[in-house]
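Per-entry structural report
These are the residues of each chain, in order.
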Amino acid sequence: NNNNNSNSSNSSKGNNNNNGSNTKQQTPRKKSQQSPRKRKISETEDLDRIEGQMLLTSPYKKSKNENTNRSNSDKISENITSKKVVILFGGPKNEKKKLESISIQLGFRVVSDPQHSYDLDVTHVILPQLKRTTKFLCACAGGKWILKVDWLYACQTAGTRVDEETYEWHTTDEIVGVYGTLWAGAPRRCRLLNQRPFNGMIICILEYPDSFKNLTKEFELFLKEGGAVLASKKEASTAPSRITHCIANTKTIKSLNKQPKEGGESSDSGSQTRSQREKNIKDFLEFMKLNGSLIFDGNSFIDAVCTKTPPSLTEQQ
C-alpha cells in the first residue's frame, strides 16, 4: 500500500509538472521586436547606412554629433603617436629594399607596395623627395608623418624610434610639377589639423581628375583619408540633398552654364556615345546643384591638401 501511495504521489507530481509545463507553453509569448539587422532598409536610409553616425541634412550644416567627429580625430592622433609604426616607402626599388630591412630590424611593420598603392593603416611615409604622388597625397590628407630617409637611419643608430618632427618634410619651398604645385610645408600643416580636411563631406564622384584617371581607387582612398564619405550615383539620386559635393572634370563644369551648340550631331557612333554620356553627367550635375550640392573638379581637393593657399571647398566658385 505504501508503494502504491508513493507511486500515486509521484504520478500526481508528474502530472502537476506536466500541467505546469503545458501551462507555460500555452502562455502567449510577447511579440519580440524585429531585429534591426533584418529590417528592410528603405531607399531613403541608404545614406544613413553609409554615413554611420554622421547625419547631415543639407550641405555644410554642422553634424549633430560633433563629439563623433572629434573622437575620430583623437583616434587618428592616438594611432600616429602610439608605438605602432606602419611604414610605406617611396623612391627607387633598390633603396627601398635596404630601408625595409632596417625597418624590420627595428620592429616596424612595412607595407610592401606596388608602384601606386596605399594602405589606410600607414602611420609613416618615408620619401627621398616630395612629389604629388598618390602616397604623398593620401598621407597628407590623412595627417600622417611624411619623413625624410634620415629619420630611419637615426632610428637605426639609436636602436629605437626617435622623434619624427626633426625629420619631417617641412620647408617654405613650392615645388612645381607636371600636375601642379606642391608646398613643402603641407605635410606638417595637415598633420597638425584638428580634423581631416574633408571631414563632414559626402561626395559623389562622376569624373576623376587627369592625374588619377588610371588610379581611381587611389583617388577614393585619398578622399577617405581626408575624412570624406563617398556615395554612389544611385545613392546620390535617392537622397540628393544629403550630398555636399559632386566631382567632375573642369570641362564638364564649365559647360554647365553654357547653351548647347546648334547643329546636327556627328554621325560617328563613338562621338554620339561620348556626347550622350557627357549630357547625362551634365544633367545629373544640374539636378544635384538644384538640390544644394557644390560642384568641384578633383584637382580642387588635391590643391586643398598640398598647396600653400588652399582653395575653399565650402563655397561654390
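Our subject is the structure that appears above.
Predicted model only: the values in this text are computed from it and were never measured. One numbering rule holds for all chains: residues counted from 1, following each sequence as written. Per-residue local features are limited, in this predicted model, to residues with pLDDT of at least 70; the limit for side-chain atom pairs, both in listing and counting, is 80 or more; totals at the level of whole chains, interfaces and linings are taken over all residues. Only hydrogens and water are set aside when side-chain values are computed; all heavy atoms of the structure are taken into account.

**What to know about the pairing of strand S7 (residues 202–205)**
- The classification of residues rests on relative accessible area computed with a 1.4 Å probe and restricted to protein chains. Under 20% of the type maximum is buried, over 50% is exposed, and intermediate values are partly exposed. Starting at the N terminus, helices and strands are each numbered in turn, a helix being any DSSP run of H or I of at least four residues and a strand any DSSP run of E of at least two. Neither face of S7 is open: one carries Ile202 and Cys204, the other Ile203 and Ile205, and all of them are buried.
- Two elements, S7 and strand S8 (residues 229–230), share two bridges in a ladder whose sense is parallel. Bridge pairing in S8 links Ile202 to Val229.
- Here, the term right-handed applies to a crossover whose path from the first strand over the helix to the second runs clockwise when the strands point away from the viewer. Note that the unit made of S7, helix H8 (residues 216–225) and S8 has a crossover that is right-handed.
- Strands qualify as paired when DSSP identifies two bridges or more between them. Examined bridge by bridge, S7 and strand S9 (residues 245–247) share three bridges and lie parallel to one another. Note on S9: the bridge partner recorded for Cys204 is Cys246.

**Focus: the packing of helix H5 (residues 134–141) against helix H12 (residues 298–306)**
- Remark: H5 packs on H12, axes separated minimally by 9 Å, with the N-to-C direction vectors making an angle of 70 degrees. Classified by the interaxial angle, the pair formed by H5 and H12 is roughly perpendicular. Crossing geometry of H5 relative to H12 is assigned as left-handed. Within the contact between the two elements, H5 uses Phe136, Leu137, Cys140 and Ala141 and H12 uses Ile302, Val305 and Cys306.
- Its residues assigned to classes, the contact of H5 with H12 shows seven nonpolar, no polar and no charged. Here an axis means a line fitted to C-alpha atoms, over the contact stretch when the element is a helix, while the angle between two N-to-C directions is reported on a 0 to 180 degree scale. Under this scheme an angle from 65 to 115 degrees is roughly perpendicular, one under 35 degrees roughly parallel, and one over 145 degrees roughly antiparallel; angles in between are oblique. A clockwise turn of the near helix away from the far one marks a right-handed crossing, whereas an anticlockwise turn of less than a right angle marks a left-handed crossing. Contacts are assigned to residue pairs that have any heavy atoms within 4.5 Å of one another. Here the term charged refers only to Asp, Glu, Lys and Arg, the term nonpolar to Ala, Val, Leu, Ile, Met, Phe, Trp, Tyr, Cys and Pro, and the term polar to all other amino acids, Gly among them.

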